[in-house]
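Take a look at the letters that make up each chain.
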Amino acid sequence: MTATTAPTLSPSTAAAPTKAPAGDVLLDVVNLQTYFFTRQGLVKAVDGVSFQLKRGETLAIVGESGCGKSITALSLLRLIPDPPGRIVGGSITLDGRNLIDLSEEEMRRVRGNDISMIFQEPMTSLNPVMTIGDQIAEVVRLHQSVSKAEALKKAEDMLRIVRIPVPEQRVKEYPHQLSGGMRQRAMIAIALACSPKVLIADEPTTALDVTIQAQILDLIVNLQKTLGTAVILITHDLGVVAETAERVIVMYAGRKVEEAGVVELFGNPLHPYTKGLLNSIPRLDLMRGVEEAAPRLQEIPGIVPALTSLPKGCAFAPRCPLAEDKCQSEYPPYLEKSPGHWAACWRSDAVSGGRNHG
Amino acid sequence: MAVIDHNAELNKAGANVTGTWSSFKYFCRRYPLGAAGGVICILFVLIALFAPLLTGYDPTSTNARSSLAKPGGAHLLGADFMGRDMWARIIYGARISLIVGIGSTVLGCLLGVIVGLTSGYFGGWYDLIVQRLSDIMQSLPLLVMALVMAASLGPSMTNTIIAIAIPTIPSVARVIRSNTLQLREMPYVEAARAVGMTEIQIAFRHVLPNTMAPLIVLGTAKLGSAILTEASLSFLGLGIPEPHPSWGRMLSESAAEYVRTAPWLVIFPGIAISLAVFGSNLLGDAVRDMLDPRQRT
Amino acid sequence: MGVYILRRFALMLLTLFGMSVLIFLLLRVFLHGNIADILFESAGLVNPAEKKKIEVELGLDKPYIWQYWQWISGLLRGDLGYAYVSEKPAWDEIAPRLPITAKLAGLALFFSVLLGVPLGVISAVRQNTALDYFLRVVSLSGLSLPSFWLGLLILMFFVNYFGWIPIYSRAPTGFWQEIGLLAIPAAAVGFRASSLIMRLTRSSMLEVLRQDYIRTARSKGASKNTVNYNHALRNAVLPVITIISIEAAFLIGGLIVTETVFNIPGVARFLVEAIRWRDYPIVQNLVMFIALVTVVINFLTDMAYAFLDPRIKYD
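## Here we look at the sheet that holds strand β6 (residues 115-118) of chain A
All names here are of chain A. Pairing is mixed across the open sheet formed by eight strands, whose spatial order is β6-β7-β8-β3-β9-β10-β12-β11. A strand with exactly one partner marks an edge of an open sheet, and here the two such strands are β6 and β11 (334-338). Going across the sheet, the axis of each strand differs from the next one's by a mean of 20°, ignoring polarity. Direction of pairing for strand β10 (residues 255-261) relative to strand β12 (residues 341-344): antiparallel, over a ladder of two bridges. Looking at the pairing, glutamate 259 lines up with tryptophan 342 of β12. The sheet contacts of helix α7 (residues 180-192) involve β6 and β7 (198-202), and relative to β6 the element is tilted by about 170°.

This is the structure we're talking about:
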């Protein structure tokens, strides 16, 4: 074995093509409802969310803090803290099995093995008193019957795959000895060690420096191509979405408000909230030179409503520049406004296409 | 999947709680142990307050004929070797324990807050010196420190209160200080400064009210140990002097000699101490769970 | 890491120095009475010349700084002064009592850790179940019982059911006999201490279980046991070491009253006796000794913590 041979993860991934075929539906979420029963009242954190994830696809879930995207992800792995949260309805079907019906023991075998997750805070998400190698080896030994030595070897290979330099040394180090970017890579190594079918990345770059962000995203995209893993990318950063996703779901106050392919969404948003998000991105190319003033940053006025007191009708109506009486009184249906492009809005036609150019 | 009753779950979580009565009921349901502790504490306070109504005997009057009388009959809980009625001594002893316990806790917490607030707020040399002094005082266990203070001051009720209060100051100051340091960095304090409030105004309007919660937690936690320390000091003969009836001293007077012949002398004062401390500890735990869930024990 | 050790050590010395000043202030400068008069009276002396001798020996005519220096330099030399009441050098009174207290303390600590740590872990892992509530009530009542009362109850039990009082009356003849004699009072002290350890272990465990890396472990598919024992416990153990040093302070108080109840001729009971005799110079020395023990234990646990926590070790 020469140093130039990239380590393979498993026989199936070695045969996988560089771009997984759009094809079979891998994960089918139907009407997922996750509610929190708190002292302040009922919080419908995820209220009837459905989507499908195909093999090898990258799906982005976008929205502001508190819109329910992280809860959706945790629901997929059934890691919702109970109390106060419960999955009260819906189904999550992975390869024909409804994950909600599984026993805890069966669900454990899914976690880390069929579906993996990486979290936002690499600083605190790694056990400070275990070496990096042990933490990666652990997930391998949890799901495959290999010896400790083999698992550690695999850990080293994984570190190499996630492009951590000098992996044979890093394997023996503790998390506090690694930088933030390297810790996130280590998390990715843990998540992908058992070649899962789905990787959920919950704000993987938010806590990292901008330069490191690009590297990590790049890594995720590359690994995904090599391994054929489907990725659910959760973020509030539309820039990240543009670079990595194929399809996008926009969530607001616990529900989907728009869904489309990434190009279509950016080019032709059909929901005022999406439009607002797109307009909030500062764009240097709109500055026409030193003499002319740059256009003002546009923001969406107001704040996300408290999930314990959602308004009747469209949840976005109070902040929406296009809202009418109907929007305040009736919740708009979620319809396919054009092929592959869905939105829940009474005024989709009025949402002008693309970004504002000045 | 099983059907979930939303309302039942919400009620369990304590939603739908409005008004003082339902808040009180919620507290009792969520913290049953704490509620029980509160009841016990209130009971002791009532006993202490209404002592003369609960017994006709004078706790300090001796009566050689009743010496070592068994419980029952004329003496509800028996009498000690000097013929003093045990029931009366226990009831009036509640007064002593509460006065000393509450007094020393309040004194210690008050001084501790002042020290901790100023130390955390103003920092600098003052803070450094206070911290080193706290380290030094905390390098002795509470009982030893109280013993030394009691020895230094001489036996009296006031001195016992002081002897117990002073050693509690460092631990109170430490908690209040770290709380103050946190609060000082809060955005609303910055904002207050930005609109021109003086430091003193900020200290009183913003920092002090937010210090209440940890203070209450500390106070209720320390009350139990204050009562226990007084009992220990009196047991060792260095706390409350004659003629005041102190539960701890009652136990030392009876000690090993009467263990076989007059067990009621040993059992009842001990139950009184344990119950009082138990009640305040239960209450203290629940108060802490409610106000500062991060510190749950 | 070497710097860390040195810093802690210097701090320890500073604390001891400060403590000695405080003790001196309390028991000499601010004492409620003249020390010479007090000692004269409690030693039962009558000859005024004796009082003059005491005054000279303690340097009472000299400034306080001189007296302080005399005391401290004596301590550092190993000269603990003279016990006026018992008419012996202080060292002769203290030395034979030390090993007894040490054995009692060791037994109590052993017992309390053995009982407290596992129960605390179980209580945290099964949070809010009936077992948890039960254990919490038990530990709380353990903390509420005065240890001297527990000691008295134990005596009462033994006297009434076995007709025998487990008081340390004769010097024991062998090691195991001594352990047997100390076991019961050690249990009395240890019970209260184990309650404290149990509560602190429980809260440490709960704190750890709230951390992000526990969520990561669960997302890997780790079982509840793996999460609790491999991940959480390893992190919760570190603060438990600190807990043991808090425990030591706690234990000392318990030893004082328990040695008194069971009549054990140890250093802790001697402290009380010395205070009763009003032999304050000896009390000064004893309290310094207790402070020394406490501070050294804190230092050692800091060292143990530094050794076990990779975050400090590899810095």
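Read on for the rest.
## Focus on unusual backbone geometry
Note on backbone geometry: most residues besides glycine have negative phi, and most peptide bonds are trans. All names here are of chain A. The phi torsion at asparagine 31 lies on the positive side, around 50°, for a residue other than glycine. Within the secondary structure, asparagine 31 sits in strand β1 (residues 25-38). Given a relative accessible area of 37%, asparagine 31 falls into the partly exposed group. Positioned with a positive phi, serine 195 is a non-glycine residue whose angle comes to about 50°. The residue serine 195 is located in the loop between α7 and β7 in this model.

## Observations regarding helix α4 (residues 64-77) of chain C
All names here are of chain C. For α4, spanning 14 residues, the distance from its first C-alpha to its last is 20 Å, which sits close to the expected 20 Å at 1.5 Å a residue. Turning to α4, its buried residues are Gln67, Tyr68, Trp71, Ile72, Ser73 and Gly74. Buried residues along α4 sit in contact with α1 (2-29), α3 (48-58) and α13 (280-308). Within two residues after α4, glycine 78 carries a phi angle of roughly 100°, on the positive side.

## Here we look at the sheet that holds β1 of chain A
All names here are of chain A. Pairing is antiparallel in the open sheet, where four strands are placed in the order β2-β1-β4-β5. Each having just a single partner strand, β2 (41-54) and β5 (97-98) make up the two edges of the open sheet. Inspection of the sheet shows β1 paired to strand β4 (residues 85-94) by eight bridges, in the antiparallel sense. Looking across to β4, one finds that glutamine 33 is bridged to glycine 89. The sheet strands contacting helix α2 (residues 69-76) are β1, β2 and β4, and the helix crosses β1 at an angle near 115°.

## Remarks on the interface of chain B and chain C
Taken together, the 47 residues of chain B in the interface contact 52 residues of chain C. Note on chain B versus chain C: buried area summed over both sides is about 4300 Å², and carbon and sulfur give 75% of it. Summed over the shared surface of chain B and chain C, the number is one salt bridge. A salt bridge links aspartate 285 of chain B to arginine 199 of chain C, with the nearest nitrogen and oxygen atoms 3.0 Å apart. Mapped onto the side of chain B that touches chain C, the elements with two or more residues apiece are α6 (124-137), α7 (142-153), α11 (212-235) and α13 (264-291) of chain B. If you tally residues by element for the side of chain B that touches chain C, the top one is α13 of chain B, at 13 residues. The residue makeup of the side of chain B that touches chain C, split by class, is 31 nonpolar, eight polar and eight charged.

## Quick word on the nonpolar core
One finds Trp247 of chain B together with Leu27, Ile256 and Leu271 of chain C to be the most contacted residues of the largest nonpolar core, which totals 113 residues. No other element matches α13 of chain C, which puts 11 residues into this core. When near neighbours in sequence (up to four residues on either side) are disregarded, tryptophan 247 of chain B contacts Phe44, Arg89, Ile90, Gly93, Ala94, Ser97, Pro269, Ala272, Ile273 and Ala276 of chain B. Listed in part, the 101 residues of the second largest apolar core include Leu126, Val198, Leu219 and Ala315 of chain A.

## Section: the side chain of threonine 211 of chain B
Residue and element names in this part refer to chain B. Structurally, the position occupied by threonine 211 is in the loop between α10 (199-207) and α11. Residue threonine 211 is classed as buried on the basis of its relative accessible area, which comes to 1%. Setting aside residues up to four positions removed in sequence, threonine 211 forms contacts with Ile176, Asn179 and Leu183.

## A closer look at the confidence of the model for chain A
Residues and elements named next belong to chain A. When pLDDT is averaged along chain A, the result is 83, and 87% of the positions lie at 70 or above. By mean pLDDT, helix α1 (residues 11-15) is the weakest element of chain A at 37, and β7 is the strongest at 93. Segment residues 354-358 is flagged for pLDDT under 50; beyond a separation of four residues in sequence, or across chains, it makes 16 contacts in the model.

## Focus on empty space enclosed by the protein
For the structure on display, the rule yields nine cavities of 30 Å³ or more. Quantified by volume, the largest cavity comes out at close to 70 Å³.

## Thoughts on the packing of α6 of chain B against helix α8 (residues 157-184) of chain B
All names here are of chain B. Where α6 contacts α8, the axes come no closer than 9 Å and their chain directions differ by 130°. Comparing the axis directions of α6 and α8 gives the class oblique. Every pair of crossing elements has a handedness; the one defined by α6 and α8 is left-handed. Across the interface between the two elements, Asp127, Gln131, Ser134, Asp135 and Met137 of α6 pack against Ile166, Pro167, Pro170, Arg174 and Arg177 of α8.

## A closer look at the confidence of the model for chain C
Residues and elements named next belong to chain C. Looking at chain C, pLDDT values average 82 and 95% of them are 70 or higher. The least confident element of chain C is helix α14 (residues 310-313), whose mean pLDDT is 67; the most confident is helix α10 (residues 212-219), at 90. Interface predicted TM-score (ipTM) for the complex: 0.82; the corresponding pTM is 0.77.

## Brief notes about α7 of chain A
The end-to-end C-alpha separation of α7 of chain A is 18 Å, in line with the 18 Å expected for 13 residues at 1.5 Å each. Of all 13 residues in α7 of chain A, 13 are buried; the element is thus mostly enclosed.

## Observations concerning the packing of helix α2 (residues 35-42) of chain C against α3 of chain C
Residues and elements named next belong to chain C. At a minimum axis distance of 9 Å, the contact between α2 and α3 shows a crossing angle of 130°. By the angle class used here, α2 and α3 are oblique. You can see that α2 and α3 cross each other, and the crossing is right-handed. Contacts from Ile35, Ala36, Asp37, Leu39 and Phe40 of α2 reach α3 at Pro48, Glu50, Lys51, Ile54, Glu55 and Leu58. A class-by-class count of the residues in the contact of α2 with α3 yields seven nonpolar, no polar and four charged.

## Quick look at the pairing of strand β8 (residues 230-235) of chain A
Residues and elements named next belong to chain A. With six of six residues buried, β8 is to be regarded as a mostly interior element. The alternating pattern of β8 places Ala230, Ile232 and Ile234 and Val231, Leu233 and Thr235 on opposite faces, both of which are buried. In this sheet, β8 lies alongside β7 in parallel orientation, the contact comprising five bridges. Considered in β8, the bridge of valine 198 is made with alanine 230.

## With respect to the pattern of salt bridges
In total, this model carries 35 salt bridges over all chains according to the counting rule given. A salt bridge links arginine 247 of chain A to glutamate 259 of chain A, with the shortest nitrogen-to-oxygen separation between them at 3.0 Å. With arginine 247 of chain A in strand β9 (residues 247-252) and glutamate 259 of chain A in strand β10, the pair connects residues that are 12 residues apart, well separated along the chain. For arginine 247 of chain A, a relative accessible area of 19% translates into the label buried. For arginine 84 of chain B, the salt bridge goes to glutamate 242 of chain B, with nearest N and O atoms at 3.7 Å.

## Some points on a nonpolar patch on the surface
All names here are of chain B. Taken together, the side chains of Ile42, Val45, Leu46, Leu49, Phe50, Leu53 and Leu54 define a hydrophobic patch exposed on the protein surface, amounting to about 680 Å² of accessible area. Listing elements by their share of the nonpolar patch, those giving two or more residues are α3 (32-49) and α4 (51-54). Tracing the sequence through the fold places leucine 54 in helix α4. The partly exposed category is assigned to leucine 54, whose relative accessible area is 40%.

## Re the environment of glutamate 243 of chain A
Note on placement: glutamate 243 of chain A falls in helix α9 (residues 238-244). Residues glutamate 243 of chain A and alanine 214 of chain A lie 29 residues apart in sequence; the distance between their C-alpha atoms is 9.6 Å.

About the cut-offs
- Residues numbered from 1 in each chain as written.
- Chains lettered and ligands numbered in written order.
- Predicted model: local features only at pLDDT ≥ 70, side-chain atom pairs only at ≥ 80, totals over all residues.
- Heavy atoms only, no water.
- Pairing = 2+ DSSP bridges.
- Helix = DSSP H or I, 4+ residues; strand = E, 2+ residues; numbered from the N terminus.
- Axes fitted to C-alpha atoms, helices over the stretch in contact; angles between N-to-C directions.
- Contact = heavy atoms within 4.5 Å.
- Buried < 20%, exposed > 50% of the residue type's maximum accessible area, 1.4 Å probe, protein only.
- Expected span 1.5 Å × (residues − 1).
- Buried area = accessible area lost by both parts, 1.4 Å probe.
- Salt bridge = Lys/Arg side-chain N within 4 Å of Asp/Glu carboxyl O.
- Nonpolar A, V, L, I, M, F, W, Y, C, P; charged D, E, K, R; others polar.
- Core = buried A, V, L, I, M, F, W, Y, C linked by side-chain atoms within 4.5 Å.
- pLDDT = per-residue confidence, 0-100.
- 1 Å grid on protein atoms, 1.4 Å probe; cavity = no way out; pocket = protein on both sides within 12 Å on 5 of 7 lines; lining within 4 Å.
- Points joined across faces, edges and corners; volume = space filled by probe spheres on them.
- Parallel < 35°, antiparallel > 145°, perpendicular 65-115°, else oblique.
- Left-handed = near helix turned anticlockwise from the far one by under 90°.
- Patch = residues over 30% accessible without salt bridge, like charges linked within 9 Å, V, L, I, M, F, W, Y side chains within 5 Å.
- Areas by Shrake-Rupley, 256 points an atom, 1.4 Å probe, with all protein chains shown as cover.

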